[in-house]
Amino acid sequence: AQKITQTQPGMFVQEKEAVTLDCTYDTSDPSYGLFWYKQPSSGEMIFLIYQGSYDQQNATEGRYSLNFQKARKSANLVISASQLGDSAMYFCAMRDSGNTPLVFGKGTRLSVIA
Amino acid sequence: EAGVTQFPSHSVIEKGQTVTLRCDPISGHDNLYWYRRVMGKEIKFLLHFVKESKQDESGMPNNRFLAERTGGTYSTLKVQPAELEDSGVYFCASSHVGGQRDYEQYFGPGTRLTVT
């Protein structure tokens, strides 16, 4: 069975600094995808970044990058140059190959301080 | 392109009543998923439609929950009768079948259900 672990219930970061949100995963499937979603206070879930298990390079999307360490089964999200608007809940998720449902972690609440 | 929409945004009902949640996926998305987040816990999968067919309903908690997707467009999730433990935020997500970014599930804003 798949499992996502996010060990940081809450994180604080100074504006303009970088922050790393931790995520470890467990699966027996050799083909899988890893995701990060942002949930601001308004409630919607916003897709941020995706990493495939066979991707050779770490995924990047603007200020977001995913530090994928396959041997350690970790998929940490790095947000560079934090902004006040980055304050939100962040969920790490995964699924096996195909259109299977997502398995989520408990989330990390990020607070960006001016 | 319109996103995934859900109705209502909030619902407060008494234990024993019935509630129906609606999800309109992005036009052309054959995959439709329902998820639920109970306060302080993980977001959990409920079920998955491909067009009008239930692909996977292994996450449905019990037979008080009934999901439909007639015609393969919008979907409804009915809870009858509602219990206190059904309170939470119900999310709907949709995605393409196939294509370069078929992995990307687009989420709706969620319906916050409170059972009192």
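Residues numbered from 1 in each chain as written. Chains lettered and ligands numbered in written order. Predicted model: local features only at pLDDT ≥ 70, side-chain atom pairs only at ≥ 80, totals over all residues. Heavy atoms only, no water.

Novice: Please explain the layout of surface pockets as it appears in this structure.
Specialist: Over the atoms rolls a probe the size of a water molecule, and in doing so it shows where empty space is left. Size it by volume and the largest pocket reaches roughly 530 Å³. What lines the largest pocket is a set of 24 residues, and nearest its centre among them are Gln39 and Gly43 of chain A together with Arg37, Val89 and Arg112 of chain B. Broken down by element, the residue count for the lining of the largest pocket peaks at four residues, all from strand 11 (residues 111-115) of chain B. By residue class, the composition of the lining of the largest pocket is eight nonpolar, 13 polar and three charged. (1 Å grid on protein atoms, 1.4 Å probe; cavity = no way out; pocket = protein on both sides within 12 Å on 5 of 7 lines; lining within 4 Å. Points joined across faces, edges and corners; volume = space filled by probe spheres on them. Helix = DSSP H or I, 4+ residues; strand = E, 2+ residues; numbered from the N terminus. Nonpolar A, V, L, I, M, F, W, Y, C, P; charged D, E, K, R; others polar.)

Novice: Got a minute to help me understand a positive patch on the surface in this structure?
Specialist: Taken together, the side chains of Lys3 and Lys106 of chain A together with Lys41 and Lys44 of chain B define a basic patch exposed on the protein surface. Mapping Lys44 of chain B onto the fold places it in strand 5 (residues 43-50). (Patch = residues over 30% accessible without salt bridge, like charges linked within 9 Å, V, L, I, M, F, W, Y side chains within 5 Å. Areas by Shrake-Rupley, 256 points an atom, 1.4 Å probe, with all protein chains shown as cover. Salt bridge = Lys/Arg side-chain N within 4 Å of Asp/Glu carboxyl O. Lys, Arg positive; Asp, Glu negative; His and termini not counted. Charge placed at Lys NZ, Arg CZ, Asp CG, Glu CD.)

Novice: Would you mind showing me how to read the interface of chain A and chain B here?
Specialist: Interface size, as often reported, equals the accessible area lost upon joining of the parts. With 19 residues of chain A in contact, the opposing surface of chain B contributes 21 residues. Carbon and sulfur atoms make up 58% of the surface buried where chain A meets chain B, a total of about 1700 Å² over both sides. By the criterion of area lost to chain B, the three top residues of chain A are Asn99, Pro101 and Phe104 of chain A, representing 33% of everything that side buries. On inspection of chain A and its partner chain B, the count reaches zero salt bridges. Across the contact surface, chain A and chain B share two residue pairs in polar contact (both at pLDDT 80 or more). Mapped onto the side of chain A that touches chain B, the elements with two or more residues apiece are strand 5 (32-39), strand 6 (46-52) and strand 10 (88-96) of chain A. Residues that form the side of chain A that touches chain B fall into these classes: ten nonpolar, five polar and four charged. (Contact = heavy atoms within 4.5 Å. Buried area = accessible area lost by both parts, 1.4 Å probe. Polar contact = N/O pair within 3.5 Å; in protein donor to acceptor, adjacent residues only side chain to side chain.)

Novice: So what exactly am I meant to see when it comes to the side chain of Thr27 of chain A here?
Specialist: Residues and elements named next belong to chain A. One can find Thr27 in the loop between strand 4 (24-26) and strand 5. For Thr27, a relative accessible area of 11% gives the class buried. Of the polar contacts made by the side chain of Thr27, one reaches the backbone nitrogen of Asp29; its length is 3.1 Å. With residues up to four places along the chain from it excluded, the contact list for Thr27 reads Ala1, Gln2, Tyr32, Lys73, Met94 and Asp96. (Buried < 20%, exposed > 50% of the residue type's maximum accessible area, 1.4 Å probe, protein only.)

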